[in-house]
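# An overview of the molecular structure
One letter stands for each residue in the lines below.
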Amino acid sequence: MKRGHLKLTGIGKSYGTTNVLRGVDLEIQPGEFFALLGPSGSGKTTTLRIVAGLEVPTAGQVLLDGEDATTLPPGKRDVAMVFQSYALYPHMSVFENIAFPLRNIGTPGDQLAGLVREAAARVKIDHLLARKPGALSGGQQQRVALARAIVRKPALFLLDEPLSNLDAKLRAETRVELKRLQRSLGVTAVYVTHDQEEAMSLADRMAVFMNGVLVQQGTPEEVFRRPASVDVAAFLGNPPMNLLPARIENGIATIGTTSFSAPTMASLGSRDVVLGIRPPDVAISERGIDATVTMRENLGDDVIVDFTVGDHLVRARSAAMRELAEGDRVHLHFGEGDLHVFDHKSGFRVAR
Ligand SMILES: Nc1ncnc2c1ncn2[C@@H]1O[C@H](COP(=O)(O)OP(=O)(O)OP(=O)(O)O)[C@@H](O)[C@H]1O
Ligand SMILES: [Mg+2]
């Protein structure tokens, strides 16, 4: 069996009476780059710490390569973790920081230097081995933390927002390098982030957390195309999906005072829903939904235009709307195939 298989079943975690994770089921295949995505406080770090062995779950089981690891201490697991804060030892040189996990497992001295150099070279910091962490830039410190994590060749590589202390440009560059590193090592990676763009661009598959519950998992494409709930829909995309309360009545959809024919929704009968449409799918037409331009933001290649439709804000993202100005009154068209339908009460996606 290939190393780096992870399975969580029914994972729960409470602190006193506060439940921070409930019923988390997750299976990650060897070699996958898997992202845990969700807003602040949704339970991503807690999940990662449970996988690392830094926390013991209140309920459920952690299986690493088929073996029950639920209560196994971190040192007995074949995992390495990179923290947001890097957690380097300030009094040790870069060399000693990277060597630390090797010394811990009693790696013989004649192999040690070679392994440290190899790990450092992979993240391009082999010229910095004699320095102390305090004499490094943020990006360089981050690489030391990565080198320390990979030096032991763990089966599972756990990363908690490892790029969040870097500026936007460096973050985007390091993102690509990180994926390359993971691929070349063939290691399984579990990557925590609250940045949807980061998750979408890095992950083979991802899980979205909301309030301690894993609400959806799949490839970034699947999650983006068919968000399971209004919460997930509102979390993905830039700008995120427009969500409008609406009434469906025998194939007619009504938003505020505007109605339009929606034959594919006829099977839904009469019900209150939330209709979702992504900003790039909002189009202008000759006839359609009355809308007024309230804001226009130039992004260079695209513009983002805010419209009011009745009492609601609708945002569009398009290159074709460049000519619009604040105050313009237009008609919008929502293509039926572009509409996402969610239940008004539960917020869950409605199949049609
Ligand atoms: N030791 C603790 N005692 C009590 N509550 C805790 C403890 N650790 C975490 N929590 C709570 O658990 C919830 C989930 O925390 P967690 O750190 O997993 O969130 P997160 O998704 O990583 O958020 P962020 O994006 O802000 O890092 C939060 O509400 C947090 O306050
Ligand atoms: Mg966190």
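## Comments concerning the pattern of salt bridges
Any two side chains of opposite charge can pair, on the condition that their charged atoms come close. Applying the stated criterion to the full structure yields 17 salt bridges. Between Lys153 and Glu118 there is a salt bridge; the shortest N-O distance is 3.8 Å. One end of the pair, Lys153, is in the loop between α4 (138-150) and β7 (156-160); the other, Glu118, is in helix α3 (residues 109-122), with 35 residues separating them in the sequence. A residue is classified by how much of its surface remains accessible, and Lys153, at 43% relative accessible area, is partly exposed. Between Asp306 and Arg315 there is a salt bridge, with the nearest N and O atoms lying 2.8 Å from each other.

## What to know about the site of ligand 1
The immediate surroundings of ligand 1 are formed by Tyr15, Val20, Pro39, Ser40, Gly41, Ser42, Gly43, Lys44, Thr45, Thr46 and Glu161. Contact distances for ligand 1 include 2.5 Å between an oxygen atom and a side-chain N or O atom of Ser40. A distance of 2.8 Å is found between an oxygen atom of ligand 1 and a side-chain nitrogen or oxygen belonging to Lys44.

## Some remarks on the nonpolar core
Residues Ile98, Ile125, Phe157 and Leu159 are the most contacted members of the largest nonpolar core, which totals 36 residues. When contributions to this core are tallied by element, the ones reaching two or more residues are β6 (79-82), α2 (94-104), α3, α4, β7, α5 (168-185) and β8 (188-193). Here this core takes six residues from α4, the largest share from any one element. Among residues more than four places away in sequence, those in contact with Phe157 are Ala80, Val82, Leu146, Ala149, Ile150, Val187, Thr188, Ala189 and Val190. Core analysis: the second largest hydrophobic core is formed by 30 residues, Ile255, Val273, Val282 and Val330 among them.

## Things to note about the pairing of strand β14 (residues 270-277)
Sheet topology note: the strand β11 (residues 242-249)/β14 ladder contains eight bridges and is antiparallel. Along β14, the bridge assignment pairs Arg247 with Asp272.

## Regarding the domain arrangement of the protein
Partitioning the protein into structural domains gives domain 1 (6-228) and domain 2 (235-343). On a C-alpha basis, the centroid separation for the pair domain 1 and domain 2 is 39 Å. Every contact between the two is made by 12 residues of domain 1 and, on the other side, eight residues of domain 2. Across the domain 1 to domain 2 interface the summed buried area is about 800 Å²; carbon plus sulfur atoms make up 74%. Interface area lost by domain 1 to domain 2 is led by Gln196, Phe224 and Pro227, which between them contribute 58%. Across the contact surface, domain 1 and domain 2 share zero salt bridges. Inspection of the domain 1/domain 2 interface yields two residue pairs in polar contact (both at pLDDT 80 or more). Sorting the residues of the side of domain 1 that touches domain 2 by element identifies β9 (205-210) and α7 (220-225) as the ones contributing at least two each. The element that contributes the greatest number of residues to the side of domain 1 that touches domain 2 is α7, accounting for three residues. Here the residues of the side of domain 1 that touches domain 2 sort into eight nonpolar, three polar and one charged.

Reading guide: rules and limits
Residues numbered from 1 in each chain as written. Chains lettered and ligands numbered in written order. Predicted model: local features only at pLDDT ≥ 70, side-chain atom pairs only at ≥ 80, totals over all residues. Heavy atoms only, no water. Salt bridge = Lys/Arg side-chain N within 4 Å of Asp/Glu carboxyl O. Helix = DSSP H or I, 4+ residues; strand = E, 2+ residues; numbered from the N terminus. Buried < 20%, exposed > 50% of the residue type's maximum accessible area, 1.4 Å probe, protein only. Near = heavy atom within 4 Å. Polar contact = N/O pair within 3.5 Å; in protein donor to acceptor, adjacent residues only side chain to side chain. Core = buried A, V, L, I, M, F, W, Y, C linked by side-chain atoms within 4.5 Å. Contact = heavy atoms within 4.5 Å. Pairing = 2+ DSSP bridges. Domains from an automatic or database assignment. Buried area = accessible area lost by both parts, 1.4 Å probe. Nonpolar A, V, L, I, M, F, W, Y, C, P; charged D, E, K, R; others polar.

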